[in-house]
Protein chains: 2
Amino acid sequence: MLLQLDYKDSRPIYEQISDGCRKLILAGVLAPDEPMPSVRSMAMELSTNPNTVQKAYAELERQGVIYTVKGRGNFVSGDLKAPLGARKAELREKIAMLLKEADELGIDRNELLEGMVKK
Amino acid sequence: MLLQLDYKDSRPIYEQISDGCRKLILAGVLAPDEPMPSVRSMAMELSTNPNTVQKAYAELERQGVIYTVKGRGNFVSGDLKAPLGARKAELREKIAMLLKEADELGIDRNELLEGMVKK
DNA sequence: TAAGTGTACTAACATACATAGTACAGTAAA
DNA sequence: TTTACTGTACTATGTATGTTAGTACACTTA
């Protein structure tokens with residue numbers, strides 16, 4: 001099983017699929033130019049609808065994580081530098097927002113990150 | 001203007017209200033046992049519906065940030081230790097999730113946090 | 001009493017999400 | 001060519017959530 005859906009998660013299914021696939025691809029679990037599961041087979045495997053999977057794949061293509069060849073299928077992007085860099089920037093942004101709130105609450109950053117990072 | 005809504009934000013209005021008020025209260029901008037704006041006046045000020053504000057206040061009461069006296073109004077909680085600790089734990093959890101993803105992407109934690117925290 | 005408070009409803013509407021079904025064009029292999 | 005895949009584009013339907021509107025009632029205070 002490539003992916004696992006969480007129905008207790010409030011996020012929509014298509015987002016769980018695209019986020020999950022992006023993690024696997026950027027982490028190197030799926031190699032560049034390797035074929036993704038087809039829209040229909042992925043839908044079968046996840047017991048969901050082909051339209052939902054297609055929406056997830058469209059988002060991945062928009063992010064540059066995969067590319068599409070009509071009639072052949074979807075494939076892992078050959079050059080992941082751009083989407084990897086973009087994701088890294090997103091992570092930095094999100095962490096910065098959380099640390100900013102911690103500041104406003106008077107929580108020391110080093111104390112908040114205790115045990116998470118080497119000083 | 002106590003709060004400012006962002007209609008470009010995808011989060012629902014009631015959540016923006018409760019999150020915004022919680023920030024102000026936990027940051028000490030609103031003092032304990034001080035009265036909150038009434039449901040109706042807050043709705044007027046934000047050009048929204050009293051029901052939406054009430055939903056936000058109900059969530060704040062559930063979190064222990066405010067307390068309600070029927071017929072009198074909503075007041076900032078007199079003891080904010082519990083909700084402040086809870087929020088701190090939530091922030092830690094969210095940061096931990098983001099750092100975990102960074103690990104899976106092969107991004108060094110210290111590099112990711114560059115400029116955000118003293119080493 | 002009058003005005004303000006929280007609270008609890010119902011109804012209506014818009015939007016997002018998901019499913020089902022159909023159809024069509026492109027690709028690859030038998 | 002035929003067959004079986006692929007992606008893509010629709011329509012229709014159902015459901016859940018969010019928001020607004022309106023009404024009503026109990027409580028508190030001046």
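Here, residues in each chain are numbered from 1, in the same order as that chain's written sequence. Throughout, the order in which chains and ligands are written sets their labels, letters from A for the former and numbers from 1 for the latter. Given that the model is predicted, a residue must reach a pLDDT of at least 70 before its local features are reported, and side-chain atom pairs must reach 80 or more before they are shown or counted; all residues, however, enter totals for whole chains, interfaces and linings. Side-chain metrics rest on all non-hydrogen atoms present in the structure, leaving aside hydrogens and water.

Caption draft 1: Layout of the protein's contact with DNA strand D. For each residue, the test is whether any non-hydrogen atom lies within 4 Å of the molecule or strand; if one does, the residue is near. In the neighbourhood of DNA strand D, 22 residues make up the surrounding shell, with Ser38 and Arg40 of chain A together with Ile13, Thr48 and Asn51 of chain B lying closest. Of what DNA strand D places within 4 Å of the protein, 62% of the atoms are sugar or phosphate. Within 3.5 Å is the distance limit for a polar contact, defined as a pair of N or O atoms, with the added protein rule that one can donate a hydrogen and the other accept it, and that residues adjacent in sequence qualify only through two side-chain atoms. For DNA strand D, a phosphate oxygen lies 3.3 Å from a polar atom in the side chain of tyrosine 14 of chain B. In this structure, a phosphate oxygen belonging to DNA strand D sits 3.5 Å away from a side-chain N or O atom of lysine 55 of chain B. By definition, any uninterrupted DSSP run of H or I lasting at least four residues is a helix, any uninterrupted run of E lasting at least two residues is a strand, and each is numbered from the N terminus. Put simply, the parts of the chain that give the surface near DNA strand D at least two residues each are α2 (39-45), α3 (50-62) and β2 (73-76) of chain A together with α1 (13-26) and α3 (50-62) of chain B. When grouped by side-chain class, the residues that make up the surface near DNA strand D number 4 nonpolar, 12 polar and 6 charged. Charged means Asp, Glu, Lys or Arg here, nonpolar means Ala, Val, Leu, Ile, Met, Phe, Trp, Tyr, Cys or Pro, and polar covers whatever is left, Gly included.

Caption draft 2: Spatial organisation of the packing of helix α1 (residues 13-26) of chain A against α3 of chain A. Residue and element names in this part refer to chain A. At a closest axis distance of 8 Å, the pairing of α1 and α3 adopts a crossing angle of 45°. As summarised for this structure, α1 and α3 are arranged oblique, according to the angle between their axes. Here the hand of the crossing between α1 and α3 comes out right-handed. Counted together, Ile13, Tyr14, Ile17, Ser18, Cys21 and Arg22 of α1 and Thr52, Val53, Lys55, Ala56, Glu59 and Leu60 of α3 form the full contact between these two elements. Across the contact of α1 with α3, the residue classes break down as 7 nonpolar, 2 polar and 3 charged. For helices, the axis comes from a line fit to the C-alpha atoms of the stretch in contact; other axes are also lines fit to C-alpha atoms, and the angle between any two N-to-C directions lies between 0 and 180 degrees. Any angle that falls under 35 degrees is termed roughly parallel, while one over 145 is termed roughly antiparallel, one within 65 to 115 roughly perpendicular, and all others oblique. Each helix crossing is assigned a hand: it is left-handed if the near helix lies turned anticlockwise from the far helix by less than a right angle, otherwise right-handed if that turn is clockwise. The contact rule is simple, with two residues in contact once any of their heavy atoms fall within 4.5 Å.

Caption draft 3: Molecular detail of the pattern of salt bridges. When a carboxyl oxygen of Asp or Glu is within 4 Å of a side-chain nitrogen of Lys or Arg, the pair counts as a salt bridge. Applying the stated rule across the entire model yields 18 salt bridges over all chains. Here glutamate 59 of chain B makes a salt bridge to arginine 62 of chain B, at a shortest N to O gap of 3.0 Å. A residue pair is termed a helical-turn pair when its members lie 3 or 4 positions apart in one helix, as glutamate 59 of chain B and arginine 62 of chain B do in helix α3 at 3 residues. A salt bridge links aspartate 103 of chain B to arginine 109 of chain B, with the nearest nitrogen and oxygen atoms 2.7 Å apart. Three exposure classes are used, based on accessible area relative to the maximum for each residue type with a 1.4 Å probe and protein chains only: buried under 20%, partly exposed in between, and exposed over 50%. Taking relative accessible area as the criterion, arginine 109 of chain B reaches 23% and is therefore assigned partly exposed. A single salt-bridge network, built from bridges that share partners, covers Asp9, Arg11, Asp19 and Arg22 of chain A.

Caption draft 4: Looking closely at the protein's contact with DNA strand C. Near DNA strand C lie 22 residues; those nearest to it are Ile13, Thr48 and Asn51 of chain A together with Arg40 and Thr68 of chain B. Close to the protein, within 4 Å, the atoms of DNA strand C belong to sugar or phosphate groups at a rate of 68%. At a separation of 3.2 Å, a phosphate oxygen of DNA strand C approaches a polar backbone atom of valine 39 of chain B. Contacts to DNA strand C include glycine 71 of chain B, whose backbone N or O atom sits 3.3 Å from a base nitrogen. Elements supplying a minimum of two residues to the surface near DNA strand C: α1 and α3 of chain A together with α2 (39-46), α3 and β2 (73-76) of chain B. Counting residues per element, the surface near DNA strand C draws most heavily on α3 of chain A, at 3 residues. By residue class, the composition of the surface near DNA strand C is 4 nonpolar, 12 polar and 6 charged.

Caption draft 5: Here's a closer look at the domain arrangement of chain A. Along its sequence, chain A is organised into domain 1 (13-78) and domain 2 (82-112). Residue ranges assigned to each domain were obtained from an automatic or database domain assignment. Inter-centroid distance (C-alpha atoms) of domain 1 of chain A to domain 2 of chain A is 28 Å.

Caption draft 6: Representation of the environment of glutamine 16 of chain A in the model. Residue and element names in this part refer to chain A. If you trace the backbone, glutamine 16 turns up in helix α1. Take glutamine 16: its relative accessible area is 9%, and that puts it in the buried class. Along the primary structure glutamine 16 and leucine 5 are separated by 11 residues, whereas in three dimensions their C-alpha atoms are 6.9 Å apart. Other than its neighbours up to four places away in sequence, glutamine 16 contacts Leu5, Asp6, Asp9 and Arg11.

Caption draft 7: How the structure looks around the layout of surface pockets. Residue and element names in this part refer to chain B. Here a cavity denotes a set of grid points, spaced 1 Å apart and computed over the protein atoms alone, in which a 1.4 Å probe fits but from which it cannot get out, and a pocket denotes an open set meeting protein on both sides within 12 Å along at least five of seven lines; residues with an atom within 4 Å of a point are reported as lining. Grid points are joined across faces, edges and corners, and a volume is the space filled by probe spheres set on the points. Size it by volume and the second largest pocket reaches roughly 350 Å³. Contributing to the lining of the second largest pocket are 16 residues, with Val39, Gln54, Tyr57, Thr68 and Asn74 lying nearest its centre. Of all the secondary structure elements, the ones that give two or more residues to the lining of the second largest pocket are α2, α3, β1 (66-69) and β2. In terms of residue count, α3 provides more of the lining of the second largest pocket than any other element does, 6 residues in total. For the lining of the second largest pocket, the per-class residue count stands at 5 nonpolar, 7 polar and 4 charged.

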